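# Descriptive analysis of the structure
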Amino acid sequence: MSGRKETVLDLAKFVDKGVQVKLTGGRQVTGTLKGYDQLLNLVLDGAVESVRDHDDPLKTTDQTRPLGLIVCRGTAVMLVSPTDGTEEIANPFVQPEAI
């Protein structure tokens, strides 16, 4: 074993591709991954933030806010997922409301 630390994620295959990043505090950003480091600091180009609902800050709305070129600090990154090949599905655990 060498003394080098390796990241758990291999983000090299996502460079120059669209990714969705969820950050601590509920913020959600989508953009093109331009770079990263071993601390999971991410550089996103053409970043767009999904605006959160004022009544429920854990939910996002359909509104977006353009951010441009940003750096996401690795300590705030909770999730990184590709935008290609993913789709949102209905929550199967939500119970229909009684009438």
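Please refer to the structure placed before this passage.
Reading the values: rules and limits
- Residues numbered from 1 in each chain as written.
- Predicted model: local features only at pLDDT ≥ 70, side-chain atom pairs only at ≥ 80, totals over all residues.
- Heavy atoms only, no water.
- Helix = DSSP H or I, 4+ residues; strand = E, 2+ residues; numbered from the N terminus.
- Buried < 20%, exposed > 50% of the residue type's maximum accessible area, 1.4 Å probe, protein only.
- Contact = heavy atoms within 4.5 Å.
- Areas by Shrake-Rupley, 256 points an atom, 1.4 Å probe, with all protein chains shown as cover.
- Core = buried A, V, L, I, M, F, W, Y, C linked by side-chain atoms within 4.5 Å.
- Pairing = 2+ DSSP bridges.
- Axes fitted to C-alpha atoms, helices over the stretch in contact; angles between N-to-C directions.
- Salt bridge = Lys/Arg side-chain N within 4 Å of Asp/Glu carboxyl O.

## What to know about the overall build of the chain
Helix and strand counts for the chain stand at zero helices and five strands. Within the chain, buried positions represent 21% of all 99 residues. The contacts in the chain between residues at least 6 apart in sequence include a share of 44% that link residues at least 24 apart. Within the structure as shown, the chain displays about 7900 Å² of accessible surface, and the carbon and sulfur contribution to it stands at 53%.

## Regarding the nonpolar core
In this structure, Val21, Leu33, Leu42, Leu44, Cys72 and Val77 are the most contacted members of the largest nonpolar core, which totals 14 residues. Looking at this core, the elements with two or more residues in it are β1 (18-23), β2 (28-36), β3 (42-52) and β4 (60-72). When sequence neighbours within four positions are dropped, the list of residues in contact with Cys72 reads Leu23, Leu40, Asn41, Leu42, Leu44 and Val77.

## Thoughts on the sheet that holds β2
Spatial ordering of the open sheet is given by β4-β3-β2-β1-β5, a layout of five strands whose pairing is antiparallel. Looking at the sheet topology across the chains shown, the edges are occupied by β4 and β5 (77-82). Sheet twist, expressed as the average angle between the axes of neighbouring strands with direction ignored, equals 30°. For β1 and β5, the ladder comprises five bridges, and the chain directions are antiparallel. Within the sheet, the bridge partner assigned to Leu23 lies in β5 and is Val77.

## Here's the deal with the side chain of Gln28
Along the chain, Gln28 falls in strand β2. Discounting residues that sit within four places of it in the chain, Gln28 has contacts with Gln20, Val21, Lys22, Val48, Glu49, Ser50 and Thr60.

## Some words on the pattern of salt bridges
Within the structure shown, the criterion is met by three salt bridges. Salt-bridge contacts for Arg65 lead to Glu49; the nearest nitrogen and oxygen are separated by 2.4 Å. Taken together, the residues span a long stretch of sequence, with Arg65 in strand β4 and Glu49 in strand β3 at a distance of 16 residues. Via salt bridges that share partners, Arg27, Glu49 and Arg65 belong to a single interconnected network.

Coordinates in, geometry out; function isn't part of it.
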